[in-house]
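# Per-entry structural report
Given next are the chains, with one letter for each unit.
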Amino acid sequence: MAAVDAATWVREFAALVDRHADELTALDAAIGDADHGTNMRRGMTAAVAALDDSAPSDAAAVYKQTAMVLIRTIGGASGPLYGTFFLRAAAAIGTDSDIGDFARAFRAGLDGVVARGKAEPGDKTMVDTLTPAADALDAQAAAGASARAALDAAVSAADAGRDATIALTARKGRASYLGERSAGHQDPGAASAALLVLAAREALA
């Protein structure tokens, strides 16, 4: 992946977060601290500003710089989790332009989130969005699909995973303190993760 493609993904994610920040905060108000949208907007705005200030030479450098900014600027668990996603993606991304290279980096990012947050599918977290998206990317890449087809499949899978969190009872994070009362609400982290996948399609397909 070229640096410009990686930067375009980050910029598109920032734009989507900005557009949906109030929605993310409203979701978080129901089962969390009511600050997810605000925190994500602050972090992604800073990530774009960092890209404007410097031009990393390759995709790995873009992801690493983004990770460091997010860890510094996003409060709560989201900063370390999104930062870890981009750090692991930085270590795995290559210079190929095919969807398989991106799929491997995305999977590495997911593995980092799982390791950092100790969450599994079904825990009502961003993992419920990222896991089906990664599975779709892997399957499409293995089948030799185009980038558009693979990313379309990833968006559909991510959206389904996000929506499935509504019925779940949270087992991780602040929402888990609510127990059964967390059911019936969409997880805000799953919602922002779906924007991450959507941004990839808009930037890379």
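One structure accompanies this document, and this report is about it. The structure presented is a predicted model; accordingly, all values stated were derived computationally and were not measured. Note that residues are indexed from 1 along each chain, following the sequence as it is written. It should be noted that, the model being predicted, local features are given only for residues of pLDDT at least 70 and side-chain atom pairs only at 80 or more, the latter also being counted only at that level, while totals for whole chains, interfaces and linings use all residues. Note: side-chain values were computed over all heavy atoms of the structure, leaving out hydrogens and water.

### Side note on the packing of aromatic side chains
Stated formally: Pairing of aromatic side chains requires ring centres within 6.5 Å, counting the rings of Phe and Tyr and the six-membered ring of Trp. Pairs whose planes differ by under 30 degrees are stacked, by over 60 edge-to-face, and all others tilted. Secondary structure elements are taken from DSSP: a helix is a run of H or I of four residues or more, a strand is a run of E of two residues or more, and numbering for both begins at the N terminus. Burial classes follow relative accessibility: with a 1.4 Å probe on protein chains only, a residue under 20% of its type's maximum area counts as buried, one over 50% as exposed, and anything between as partly exposed.
Per the stated rule, a full pass over the model turns up nine aromatic pairs. An angle of 85° between the planes, with centres 5.7 Å apart, marks the rings of Trp-9 and Tyr-63 as edge-to-face. Here Trp-9 is found in helix H1 (residues 3–31), whereas its partner Tyr-63 is found in helix H3 (residues 59–73), with 54 residues between them in sequence. Pairing Phe-85 with Phe-106 gives two aromatic rings, centres 5.3 Å apart and planes at 80°, and the pair type is edge-to-face. Placement of Phe-85 in helix H4 (residues 78–92) and of Phe-106 in helix H5 (residues 99–117) is noted, with a sequence separation of 21 residues between them. There is no split in this pair, since Phe-85 and Phe-106 are both buried. In this structure an aromatic cluster arises from ring pairing among Trp-9, Tyr-63, Phe-85, Phe-86, Phe-102 and Phe-106.

### Looking at unusual backbone geometry
Within the chain, Lys-118 stands out as a residue other than glycine whose phi angle is a positive 60°. With respect to the secondary-structure elements, Lys-118 resides in the loop between H5 and helix H6 (127–142). Accessibility expressed as a relative area gives 56% for Lys-118, which makes it exposed. Positive phi is not limited to glycine here, since Lys-124 has a value of about 70°. Here Lys-124 shows up in the loop between H5 and H6.

### Focus: the environment of Val-127
Threshold: A contact between two residues is defined here by any heavy atoms of the two lying within 4.5 Å.
Checked against the element boundaries, Val-127 lands in helix H6. Residues within four places of Val-127 in sequence aside, it is in contact with Leu-110, Val-113, Val-114, Ala-119, Glu-120, Pro-121 and Pro-132.

### So, the side chain of Thr-84
Within the fold, Thr-84 resides in helix H4. The class of Thr-84 is buried, set by a relative accessible area of 9%.

### Let's talk about helix H2 (residues 36–53)
How we decide: Here a helix's expected span is defined as the number of its residues, less one, multiplied by 1.5 Å. Summarising the geometry, the arc corresponds to the directions from the helix axis toward the C-beta atoms.
Given a rise of 1.5 Å per residue, 18 residues ought to cover 26 Å, and the 26 Å separating the end C-alpha atoms of H2 matches this to within 8%. Here H2 has its buried residues at His-36, Gly-37, Asn-39, Met-40, Gly-43, Met-44, Ala-47, Val-48, Ala-50 and Leu-51. Each buried residue of H2 sits inside an arc of 160° when the element is viewed along its axis, so together they form one side. In H2, the exposed positions angled more than 90 degrees off the buried face are occupied by Asp-52 and Asp-53.

### Some points on the pattern of salt bridges
Filter applied, for reference: Salt bridges are defined by distance alone: a side-chain nitrogen of Lys or Arg within 4 Å of a carboxyl oxygen of Asp or Glu.
What the rule picks out here adds up to 10 salt bridges. A salt bridge links Arg-41 to Asp-18, with the nearest nitrogen and oxygen atoms 2.9 Å apart. Of this pair, Arg-41 sits in helix H2 while Asp-18 sits in helix H1; the two residues are 23 residues apart in sequence, bridging distant segments of the chain. Note on Asp-18: relative accessible area 41%, which makes it partly exposed. Of the charged contacts, one joins Asp-138 and Arg-107 as a salt bridge, the two residues approaching to 2.7 Å between their closest N and O atoms. Placement of the pair is Asp-138 in helix H6 and Arg-107 in helix H5, with a sequence separation of 31 residues.

### Let's talk about the packing of H1 against H3
For the record, the criterion: Simply put, an axis is a line fit to the C-alpha atoms, just over the touching stretch for a helix, and the angle between two N-to-C directions goes from 0 to 180 degrees. Each angle receives one of four descriptions, namely roughly parallel if under 35 degrees, roughly antiparallel if over 145, roughly perpendicular if within 65 to 115, and oblique otherwise. Note on residue classes: Ala, Val, Leu, Ile, Met, Phe, Trp, Tyr, Cys and Pro are nonpolar, Asp, Glu, Lys and Arg are charged, and everything else, Gly too, is polar.
The N-to-C vectors of H1 and H3 enclose an angle of 30°; their axes lie 7 Å apart at closest approach. Taken together, the axes of H1 and H3 are roughly parallel relative to one another. Touching Ala-3, Ala-6, Ala-7, Trp-9 and Val-10 of H1 are Ala-59, Val-62, Tyr-63 and Thr-66, all from H3. Counted by class, the contact of H1 with H3 contains eight nonpolar, one polar and no charged residues.

Don't take any of this as a statement about function, it's just geometry.
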